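Chains, contacts and geometry: an overview
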Amino acid sequence: MTQLALVIDLNVCVGCHACVTSCKSWNTSGAAGTLADQNPYGQDPTGTFFNRVQTFEVGQFPQTETVHFPKSCLHCEEPPCVPVCPTGASYKRASDGIVLVDYDKCIGCSYCSWACPYGARELDEKRQEMGKCTLCVDRIDNLSLPPEDRQPACVMACPTSARLFGDVHDPESAVSVAIREQGGYQLMPEWDTKPSNHYLPRRKVEIKLHVDQLSRADNPLKIDGKLPKPNVNEPSLDDSTSW
(Lines give C-alpha, C1' and ligand atoms only; values in the text may rest on other atoms or scores of the structure.)
Protein backbone atom coordinates (compact mmCIF):
# COMPACT_ATOMS: atom_id res chain seq x y z
CA MET A 1 0.00 0.00 0.00
CA THR A 2 1.20 3.49 -0.80
CA GLN A 3 2.18 5.60 2.19
CA LEU A 4 2.96 9.22 1.39
CA ALA A 5 5.09 11.01 3.96
CA LEU A 6 7.76 13.62 4.63
CA VAL A 7 11.41 13.02 5.36
CA ILE A 8 13.08 15.95 7.13
CA ASP A 9 16.85 16.40 7.14
CA LEU A 10 17.78 17.97 10.48
CA ASN A 11 21.34 18.42 9.29
CA VAL A 12 20.42 21.08 6.73
CA CYS A 13 17.32 22.69 8.30
CA VAL A 14 18.27 26.28 9.20
CA GLY A 15 15.07 27.18 11.06
CA CYS A 16 14.04 29.88 8.57
CA HIS A 17 10.32 29.06 9.01
CA ALA A 18 9.69 29.16 5.26
CA CYS A 19 7.82 25.86 5.64
CA VAL A 20 5.67 27.35 8.40
CA THR A 21 4.70 30.48 6.49
CA SER A 22 4.12 28.69 3.18
CA CYS A 23 1.95 26.08 4.94
CA LYS A 24 -0.08 28.79 6.64
CA SER A 25 -0.43 30.81 3.45
CA TRP A 26 -1.53 27.86 1.31
CA ASN A 27 -3.88 26.19 3.76
CA THR A 28 -5.61 29.28 5.06
CA SER A 29 -6.86 29.94 1.53
CA GLY A 30 -7.27 26.31 0.46
CA ALA A 31 -9.54 23.37 1.22
CA ALA A 32 -8.43 23.28 4.87
CA GLY A 33 -8.89 27.03 5.56
CA THR A 34 -9.38 29.40 6.95
CA LEU A 35 -6.81 29.13 9.75
CA ALA A 36 -7.54 31.52 12.59
CA ASP A 37 -5.20 34.14 14.00
CA GLN A 38 -6.28 35.58 17.33
CA ASN A 39 -4.69 38.87 18.41
CA PRO A 40 -1.68 38.30 16.09
CA TYR A 41 0.06 41.57 16.99
CA GLY A 42 -0.85 41.73 20.68
CA GLN A 43 0.86 40.56 23.85
CA ASP A 44 -0.69 37.10 23.76
CA PRO A 45 -0.93 36.07 20.09
CA THR A 46 -2.31 32.68 19.16
CA GLY A 47 -3.40 30.95 16.00
CA THR A 48 -3.73 27.70 14.10
CA PHE A 49 -0.68 26.24 12.39
CA PHE A 50 -0.32 22.85 10.71
CA ASN A 51 3.46 23.00 10.89
CA ARG A 52 5.76 24.46 13.54
CA VAL A 53 9.53 24.65 14.00
CA GLN A 54 10.88 24.13 17.50
CA THR A 55 14.38 25.52 18.15
CA PHE A 56 16.57 24.55 21.09
CA GLU A 57 20.21 24.25 22.10
CA VAL A 58 22.07 21.06 22.98
CA GLY A 59 25.45 20.50 24.60
CA GLN A 60 27.42 22.51 27.14
CA PHE A 61 29.29 25.74 26.57
CA PRO A 62 31.41 26.17 24.57
CA GLN A 63 30.47 22.97 22.71
CA THR A 64 26.85 23.93 21.98
CA GLU A 65 24.69 23.51 18.92
CA THR A 66 21.36 24.95 17.83
CA VAL A 67 18.81 22.40 16.62
CA HIS A 68 15.82 23.32 14.47
CA PHE A 69 13.13 20.66 14.68
CA PRO A 70 10.14 20.98 12.31
CA LYS A 71 7.06 19.07 13.43
CA SER A 72 3.65 18.41 11.96
CA CYS A 73 1.27 15.46 11.70
CA LEU A 74 3.35 12.32 11.17
CA HIS A 75 0.59 10.43 9.29
CA CYS A 76 1.03 7.34 11.41
CA GLU A 77 0.29 3.91 10.01
CA GLU A 78 -1.47 3.15 13.30
CA PRO A 79 -2.88 6.61 14.11
CA PRO A 80 -4.32 6.78 17.67
CA CYS A 81 -6.34 9.85 16.69
CA VAL A 82 -8.62 7.88 14.36
CA PRO A 83 -10.31 5.28 16.63
CA VAL A 84 -11.06 7.81 19.40
CA CYS A 85 -13.05 10.14 17.13
CA PRO A 86 -16.75 9.74 18.12
CA THR A 87 -18.07 10.95 14.76
CA GLY A 88 -15.63 9.32 12.36
CA ALA A 89 -14.27 12.73 11.30
CA SER A 90 -10.68 11.55 11.67
CA TYR A 91 -9.76 8.93 9.13
CA LYS A 92 -6.82 7.47 7.23
CA ARG A 93 -7.12 7.59 3.46
CA ALA A 94 -6.75 4.10 2.04
CA SER A 95 -5.26 5.17 -1.28
CA ASP A 96 -2.15 6.86 0.10
CA GLY A 97 -2.21 6.58 3.91
CA ILE A 98 -2.72 10.29 4.59
CA VAL A 99 -4.55 11.01 7.86
CA LEU A 100 -7.28 13.60 7.36
CA VAL A 101 -10.21 15.31 9.10
CA ASP A 102 -13.71 15.54 7.62
CA TYR A 103 -14.76 19.02 8.73
CA ASP A 104 -18.42 18.27 8.07
CA LYS A 105 -18.28 15.63 10.81
CA CYS A 106 -15.87 17.27 13.27
CA ILE A 107 -17.54 18.59 16.43
CA GLY A 108 -14.39 20.01 18.01
CA CYS A 109 -14.36 17.62 20.99
CA SER A 110 -10.52 17.45 20.95
CA TYR A 111 -10.44 13.70 21.65
CA CYS A 112 -8.07 13.20 18.72
CA SER A 113 -5.77 15.94 19.98
CA TRP A 114 -5.55 14.30 23.41
CA ALA A 115 -4.82 10.91 21.81
CA CYS A 116 -1.97 12.21 19.63
CA PRO A 117 1.33 11.72 21.50
CA TYR A 118 3.07 14.25 19.24
CA GLY A 119 0.83 17.26 19.83
CA ALA A 120 0.35 17.57 16.08
CA ARG A 121 -3.31 18.64 16.08
CA GLU A 122 -4.62 22.12 16.82
CA LEU A 123 -8.18 23.23 17.48
CA ASP A 124 -9.09 26.24 15.36
CA GLU A 125 -10.41 28.67 17.95
CA LYS A 126 -12.62 30.48 15.49
CA ARG A 127 -14.16 27.55 13.65
CA GLN A 128 -14.04 25.14 16.62
CA GLU A 129 -12.79 22.41 14.32
CA MET A 130 -9.66 20.32 14.60
CA GLY A 131 -6.89 21.17 12.15
CA LYS A 132 -3.78 19.27 11.09
CA CYS A 133 -1.32 18.78 8.26
CA THR A 134 -2.95 17.27 5.18
CA LEU A 135 0.25 16.97 3.14
CA CYS A 136 -1.55 19.49 0.93
CA VAL A 137 -3.91 16.93 -0.60
CA ASP A 138 -5.52 19.73 -2.60
CA ARG A 139 -2.16 20.14 -4.34
CA ILE A 140 -1.09 16.52 -4.80
CA ASP A 141 -4.56 15.54 -6.09
CA ASN A 142 -4.81 18.52 -8.45
CA LEU A 143 -4.13 17.15 -11.93
CA SER A 144 -4.24 20.66 -13.38
CA LEU A 145 -0.90 21.39 -11.70
CA PRO A 146 2.33 20.26 -13.36
CA PRO A 147 3.76 17.09 -11.78
CA GLU A 148 6.63 18.96 -10.11
CA ASP A 149 4.12 21.16 -8.25
CA ARG A 150 2.03 18.28 -6.90
CA GLN A 151 3.73 18.21 -3.53
CA PRO A 152 3.22 19.94 -0.18
CA ALA A 153 3.74 23.69 -0.04
CA CYS A 154 6.37 23.31 2.69
CA VAL A 155 8.50 21.07 0.47
CA MET A 156 8.45 23.55 -2.38
CA ALA A 157 9.28 26.48 -0.10
CA CYS A 158 12.28 24.98 1.74
CA PRO A 159 15.40 26.86 0.55
CA THR A 160 17.81 24.13 1.68
CA SER A 161 15.83 21.12 0.39
CA ALA A 162 15.58 19.80 3.95
CA ARG A 163 12.14 18.37 3.25
CA LEU A 164 11.55 15.38 0.97
CA PHE A 165 8.15 14.00 -0.07
CA GLY A 166 7.22 10.61 -1.43
CA ASP A 167 6.12 7.04 -0.84
CA VAL A 168 8.02 5.49 2.08
CA HIS A 169 6.69 2.04 1.09
CA ASP A 170 8.40 2.25 -2.28
CA PRO A 171 11.98 1.05 -1.70
CA GLU A 172 13.21 2.92 -4.78
CA SER A 173 11.65 6.30 -3.92
CA ALA A 174 13.86 9.23 -2.95
CA VAL A 175 12.50 9.23 0.60
CA SER A 176 13.12 5.51 1.11
CA VAL A 177 16.65 5.82 -0.22
CA ALA A 178 17.34 8.76 2.11
CA ILE A 179 15.98 6.84 5.11
CA ARG A 180 18.01 3.76 4.25
CA GLU A 181 21.30 5.47 3.41
CA GLN A 182 21.28 8.27 6.00
CA GLY A 183 19.89 6.48 9.04
CA GLY A 184 16.40 7.97 9.01
CA TYR A 185 14.39 7.38 12.15
CA GLN A 186 10.83 7.68 13.44
CA LEU A 187 9.81 10.02 16.25
CA MET A 188 8.99 8.24 19.53
CA PRO A 189 8.68 4.71 18.10
CA GLU A 190 7.94 3.35 21.57
CA TRP A 191 4.33 4.51 21.16
CA ASP A 192 3.82 1.89 18.40
CA THR A 193 2.02 4.41 16.20
CA LYS A 194 4.42 3.72 13.30
CA PRO A 195 4.90 7.32 12.13
CA SER A 196 5.28 7.60 8.38
CA ASN A 197 7.29 10.82 8.56
CA HIS A 198 10.98 10.25 9.24
CA TYR A 199 13.88 12.42 10.32
CA LEU A 200 17.45 12.29 9.06
CA PRO A 201 19.83 12.75 12.01
CA ARG A 202 22.28 15.57 12.50
CA ARG A 203 25.88 14.61 11.80
CA LYS A 204 28.30 14.92 14.68
CA VAL A 205 30.58 17.91 14.18
CA GLU A 206 33.43 18.81 16.51
CA ILE A 207 33.71 22.55 17.05
CA LYS A 208 37.31 23.63 17.66
CA LEU A 209 37.57 26.84 19.67
CA HIS A 210 40.70 28.71 20.68
CA VAL A 211 41.01 30.47 24.00
CA ASP A 212 41.00 33.92 22.38
CA GLN A 213 37.62 33.11 20.80
CA LEU A 214 35.96 32.86 24.21
CA SER A 215 36.48 36.57 25.00
CA ARG A 216 35.60 39.70 23.11
CA ALA A 217 38.94 40.70 21.67
CA ASP A 218 37.36 43.66 19.90
CA ASN A 219 36.35 45.28 23.20
CA PRO A 220 39.34 47.12 24.72
CA LEU A 221 37.61 47.28 28.09
CA LYS A 222 37.03 43.51 28.10
CA ILE A 223 33.72 44.26 29.81
CA ASP A 224 30.49 43.29 28.09
CA GLY A 225 27.84 45.97 28.03
CA LYS A 226 30.31 48.86 28.12
CA LEU A 227 31.37 50.31 24.79
CA PRO A 228 34.56 52.37 24.33
CA LYS A 229 33.81 56.09 24.11
CA PRO A 230 35.54 58.42 21.60
CA ASN A 231 37.73 61.23 22.84
CA VAL A 232 35.82 64.50 23.27
CA ASN A 233 38.42 66.25 21.08
CA GLU A 234 37.90 63.87 18.14
CA PRO A 235 35.70 65.14 15.29
CA SER A 236 32.17 63.82 15.24
CA LEU A 237 30.34 62.39 12.24
CA ASP A 238 28.63 65.73 11.62
CA ASP A 239 32.02 67.48 11.59
CA SER A 240 33.64 65.15 9.06
CA THR A 241 30.71 64.37 6.75
CA SER A 242 28.93 66.57 4.25
CA TRP A 243 25.25 65.73 4.16
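Below: a short report on this structure. It should be emphasised that the depicted structure is a prediction, and the values quoted were computed from it without experimental measurement.

Our focus in this paragraph is the nonpolar core. Counting 37 residues, the largest nonpolar core has I98, L135, F165 and Y199 as the members making the most contacts within it. At the level of secondary structure, the elements contributing two or more residues to this core comprise β1 (4-9), α1 (18-28), β7 (99-101), α3 (137-140) and α4 (153-157). Those residues in contact with F165, other than ones at most four positions away along the chain, are L4, A5, L6, L135, I140, R150, Q151, P152, V155 and V175. The next biggest cluster of nonpolar side chains, apart from the first, holds seven residues, and it includes A5, V7, V168 and A178.

What follows deals with the pattern of salt bridges. One pass over the full model with this rule turns up six salt bridges. The partner of D37 in a salt bridge is K24, with the nearest N and O atoms 3.1 Å apart. Remark: K24 occurs in helix α1 and D37 occurs in strand β2 (residues 37-38); sequence separation between them is 13 residues. With a relative accessible area of 42%, D37 lands in the partly exposed category. Across the pair R127 and E129 runs a salt bridge whose closest N-O atoms are separated by 2.8 Å. Residue R127 is classed as partly exposed on the basis of its relative accessible area, which comes to 23%. Overlapping salt bridges, with partners in common, bring together R93, D96 and D141 in one network.

Here the focus is the sheet that holds strand β11 (residues 198-200). With respect to topology, three strands assemble into an open sheet ordered β10-β1-β11, the strand pairing being mixed. Here the strands that pair on one side only, and so sit at the sheet edges, are β10 (163-167) and β11. Neighbour-to-neighbour, the strand axes of this sheet turn through a mean angle of 25 degrees, independent of strand direction. Judged from the three bridges that link them, β1 and β11 form a sheet pairing that is parallel. Paired with D9 across the bridge in β11 is L200. The sheet contacts of helix α5 (residues 174-182) involve β1, β10 and β11, and relative to β10 the element is tilted by about 115 degrees.

The subject of this paragraph is the packing of aromatic side chains. Counted under the stated rule, the structure contains three aromatic pairs. Among the aromatic side chains, those forming a connected cluster through ring pairs are F69, Y185 and Y199. The aromatic ring of F49 is capped on one face by K24, whose charged end is 4.2 Å from the ring centroid. Here R139 stacks its cationic end above the ring of W26, 4.5 Å away from the centre of that ring.

The rules behind the values
Residues numbered from 1 in each chain as written. Predicted model: local features only at pLDDT ≥ 70, side-chain atom pairs only at ≥ 80, totals over all residues. Heavy atoms only, no water. Core = buried A, V, L, I, M, F, W, Y, C linked by side-chain atoms within 4.5 Å. Buried < 20%, exposed > 50% of the residue type's maximum accessible area, 1.4 Å probe, protein only. Helix = DSSP H or I, 4+ residues; strand = E, 2+ residues; numbered from the N terminus. Contact = heavy atoms within 4.5 Å. Salt bridge = Lys/Arg side-chain N within 4 Å of Asp/Glu carboxyl O. Pairing = 2+ DSSP bridges. Axes fitted to C-alpha atoms, helices over the stretch in contact; angles between N-to-C directions. Phe/Tyr/Trp six-rings, centres within 6.5 Å; stacked < 30°, edge-to-face > 60°. Lys NZ or Arg CZ within 6 Å of the ring centre and 35° of its normal.

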